[in-house]
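In case you want the letters, here they are:
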Amino acid sequence: EVKKNGKNGYQFYTAQLDSELYERIELEGYLRKALERNEMVLYYQPQIRTLDSRMIGVEALIRWQHPLKGLLAPDVFIPLAEETGMIYDIGNWTIREACRQMKLWHASGGPLIPVSVNLSSQQFHQSNLVEQVQNALTETGLEAKYLELEITESMMMDAAVSTAILNELSALGVKISLDDFGTGYSSLSYLKHFPIHKLKIDRSFVTDITESHSDQAIVATIISMAQNLKMEVIAEGIETKGQLDILMQNDCREIQGYYFSRPLPANEVENNFFVPLRLLGERNTVFHSV
Ligand code: C2E
Ligand code: MG
Ligand code: MG
Ligand code: MG
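Here goes a summary of the coordinates provided. Computed from a predicted model, the values in this text were never measured in an experiment.

1. Here's the deal with the site of ligand 1
Alright, step 1. In the region of ligand 1, 22 residues are neighbours, and Arg63, Asn118, Asp179, Glu239 and Tyr258 sit closest.
Alright, step 2. Asp179 is positioned such that a nitrogen or oxygen atom in its side chain is 2.8 Å from an oxygen atom of ligand 1.
Alright, step 3. The contact in question runs from an oxygen atom of ligand 1 to an N or O atom on the side chain of Glu236, over 3.4 Å.
Alright, step 4. If ligand 1 stood free it would expose 800 Å²; the protein chains cover 84% of that surface.
Alright, step 5. Among the secondary structure elements, those contributing two or more residues to the shell around ligand 1 are β2 (54-66), α2 (74-84) and β6 (175-181).
Alright, step 6. Among the elements that take part in the shell around ligand 1, β2 stands out by supplying 4 residues, more than any other.
Alright, step 7. Taken together, the residues of the shell around ligand 1 break down into 7 nonpolar, 6 polar and 9 charged.

Written out as structure tokens, the structure reads:
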């Protein structure tokens, strides 16, 4: 009996492994062609100033319009892109596309707000990152101050290396945000030494903030620390009015979350967050921010 179970168990295991491996290989094949087939799309999630509910920025979040599977979230393909090295081309495309869209909005009378773009760890350590960012700005005509790059604490483990990269990026005039702040292992002394402009409080501290005194204390501490260090701070993942109220009581001035808006395709950001001032024909709608 043991032998039989063992054999069946083994067969089941290999069958499952085969199909997982097969799916991965298949996905990888599609991913290799995704850029040239124009299947990557950027969604934009509005960042809101609590004082007057105005959109003061957007975060670009990548999606993949898979020919068979539909719209895929980054968690499904970014890890694969990282393992296979495809993240370099995808990441470079993302920076350019975000700059292009922002410049288009600015040029058509849209709000003069910045776009923030997530960097993967490999991209951050890529030797020509600074050159790629500079090229994206030059070729799209977007001013550097309207581009923010999001990194995470784990990318700054090697202090000397990250200081050099961050200083070069800052010298271009782009801003740096520390994403998912509070979930990594960064020492607070990093914040003092690195040119970091903004802290993004991770959603995990916001989720239970209405019930959890410790989450409230953590968020309040991050906000006052950021203010003392003359950094900007934004809270992520606000889904309810209750969460917003507590954040505002703690002097949180910028938020991002489903409560105001999910990430949207560019045209829906225009429809929902820009006010049309006048129409100059089909292709030249002029916008003003809400
Ligand atoms: P992130 O940078 O921390 O982005 C925030 C994620 O939280 C987004 O998920 C967003 O849709 C989601 N979110 C925003 N507000 C709420 C909310 O109120 N409630 C909940 N439950 N979720 C909310 P998304 O778009 O699936 O992205 C997941 C992660 O994938 C991002 O986390 C980022 O780390 C990564 N990512 C996204 N786009 C890119 C990209 O272009 N390049 C790289 N390297 N990574 C990316
Ligand atoms: Mg982010
Ligand atoms: Mg985040
Ligand atoms: Mg994240």
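2. What to know about the packing of aromatic side chains
Alright, step 1. What the rule picks out here adds up to 4 aromatic pairs.
Alright, step 2. Ring plane angle 80° and centroid distance 5.6 Å describe the contact between Trp64 and Phe77, whose orientation is recorded as edge-to-face. Pair noted here: Trp64 is in strand β2 and Phe77 is in helix α2, with a separation of 13 residues, a long-range link.
Alright, step 3. Pairwise contacts between aromatic rings join Tyr44, Trp105 and Phe274 into one cluster.
Alright, step 4. The residue whose ring lies beneath Arg63 is Tyr43, and the NZ or CZ to ring-centre distance is 5.4 Å.

The rules behind the values
Residues numbered from 1 in each chain as written. Chains lettered and ligands numbered in written order. Predicted model: local features only at pLDDT ≥ 70, side-chain atom pairs only at ≥ 80, totals over all residues. Heavy atoms only, no water. Near = heavy atom within 4 Å. Polar contact = N/O pair within 3.5 Å; in protein donor to acceptor, adjacent residues only side chain to side chain. Areas by Shrake-Rupley, 256 points an atom, 1.4 Å probe, with all protein chains shown as cover. Helix = DSSP H or I, 4+ residues; strand = E, 2+ residues; numbered from the N terminus. Nonpolar A, V, L, I, M, F, W, Y, C, P; charged D, E, K, R; others polar. Phe/Tyr/Trp six-rings, centres within 6.5 Å; stacked < 30°, edge-to-face > 60°. Lys NZ or Arg CZ within 6 Å of the ring centre and 35° of its normal.

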